[in-house]
Amino acid sequence: MTARVTITGADFDVGAELARLRAGDGGVGALASFVGTVRGQGEAGSIGGMELEHYPGMTEQAIEAMIDEAMRRFDIRAARVVHRVGTLAVGEQIVLVAVASAHRGAAFQACEFLMDYLKTQAPFWKKEHTAQGARWVDARSADDAALARWGIEARNA
Amino acid sequence: MKLQVRYFASLREALGPAETVEIAAPATVAALRDRLVARGGRHAEVLARGRVLRCALDRAMVDEAAELADGAEVAFFPPVTGG
């Protein structure tokens, strides 16, 4: 079994990740995935790229716990999270959340749940580079609201 | 008791990545924050009560009422913005 959580400076191959997630499990009938990418348009105008910082050790532990919670809540067979750190250019992939299940409903739901959870509870910070200099991205209360739909209080933004 | 205090993102830029802090037991994360603010200077500025910060104790998110133990790792950081 491959790791459930990877924090890496390197890019990832979504197709290869999905293939690995369901490999050898004939019970899988659905795969759902989400990929977040670097937008060229930031909060303060157009950006040239970004830097992603995290809290090594805590990040992996926090996301592992989120996957445990997703396995408890939804009828899913496997889940995988890959998150980039370091310097990223516009258009690059930042994060992959992938879920395998027997039927699509649980895969869609668990994928969204994991992404909502990660947004407000995993210790990552984005810094955008713009023509005016670098600035730390502000947390959005909309992300707290997204997690609240699952009955979890985010207390982030 | 002796604590390892870590900072991330904008706090790391202002205060450095980590420092060792001694504080009398018992104490909470809130007491530690107040103690750091009382030093003045950049600590007072970036850890000020008016600023929305999050904290972790031994690598798990906690609220500031959490009790500290000798040797604990406490981290202060801005709201998270990954994903």
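Quick caveat, the model's predicted, so the values are computed rather than measured.

### With respect to the interface of chain B and chain A
Each partner contributes to the interface: chain B provides 15 residues, whereas chain A provides 23 residues. Among the secondary structure elements, those contributing two or more residues to the side of chain B that touches chain A are strand S3 (54-57) and strand S5 (73-77) of chain B. For the side of chain B that touches chain A, the class distribution of residues is nine nonpolar, four polar and two charged.

### Some words on the nonpolar core
All names here are of chain A. By size, the foremost hydrophobic cluster in this structure holds 59 residues, and its most contacted members are Ile-76, Ala-79, Val-99, Ala-110 and Leu-114. For this core, the leading source of residues is helix H3 (residues 104-121), giving eight residues. Contacts of Ala-110, omitting those with residues within four sequence positions, involve Ala-70, Phe-74, Ile-76, Ala-79 and Val-99.

### Topic: the environment of Glu19(B)
As for its placement among the helices and strands, Glu19(B) is situated in strand S2 (residues 18-22). Counting along the chain gives 49 residues from Glu19(B) to Leu68(B), while the straight-line C-alpha distance between them is 16 Å.

### With respect to the sheet that holds strand S1 (residues 2-7) of chain B
Residues and elements named next belong to chain B. One open sheet accounts for five strands, arranged S2-S1-S5-S3-S4; its pairing is mixed. Either end of the sheet is taken by a strand with one partner, and the two such strands are S2 and strand S4 (60-62). Taken pair by pair, the neighbouring strands of this sheet meet at an average axis angle of 30°, ignoring direction. By the bridge criterion, four bridges tie S1 to S5 in an arrangement that is parallel. Paired with Gln-4 across the bridge in S5 is Glu-73.

### A word on the packing of helix H2 (residues 58-73) of chain A against H3(A)
Pairs of packed helices are described in terms of their axes, by the angle between the two and the distance that separates them. All names here are of chain A. Orientation of H2 relative to H3, taken along the N-to-C sense of each, is 150°, at an axis distance of 10 Å. In terms of axis orientation, H2 runs roughly antiparallel to H3. For the pair H2 and H3, the sense of crossing is right-handed. Within the contact between the two elements, H2 uses Ala-62, Ile-63, Met-66, Ile-67, Ala-70 and Arg-73 and H3 uses Ala-110, Phe-113, Leu-114, Tyr-117, Leu-118 and Gln-121. Residue composition of the contact of H2 with H3, grouped by class: ten nonpolar, one polar and one charged.

So, how was this worked out
Residues numbered from 1 in each chain as written. Chains lettered and ligands numbered in written order. Predicted model: local features only at pLDDT ≥ 70, side-chain atom pairs only at ≥ 80, totals over all residues. Contact = placed C-beta atoms within 7 Å. Helix = DSSP H or I, 4+ residues; strand = E, 2+ residues; numbered from the N terminus. Nonpolar A, V, L, I, M, F, W, Y, C, P; charged D, E, K, R; others polar. Core = buried A, V, L, I, M, F, W, Y, C linked by C-beta atoms within 7 Å. Buried ≥ 20, exposed ≤ 12 C-beta atoms within 10 Å, placed from the backbone. Pairing = 2+ DSSP bridges. Axes fitted to C-alpha atoms, helices over the stretch in contact; angles between N-to-C directions. Parallel < 35°, antiparallel > 145°, perpendicular 65-115°, else oblique. Left-handed = near helix turned anticlockwise from the far one by under 90°.

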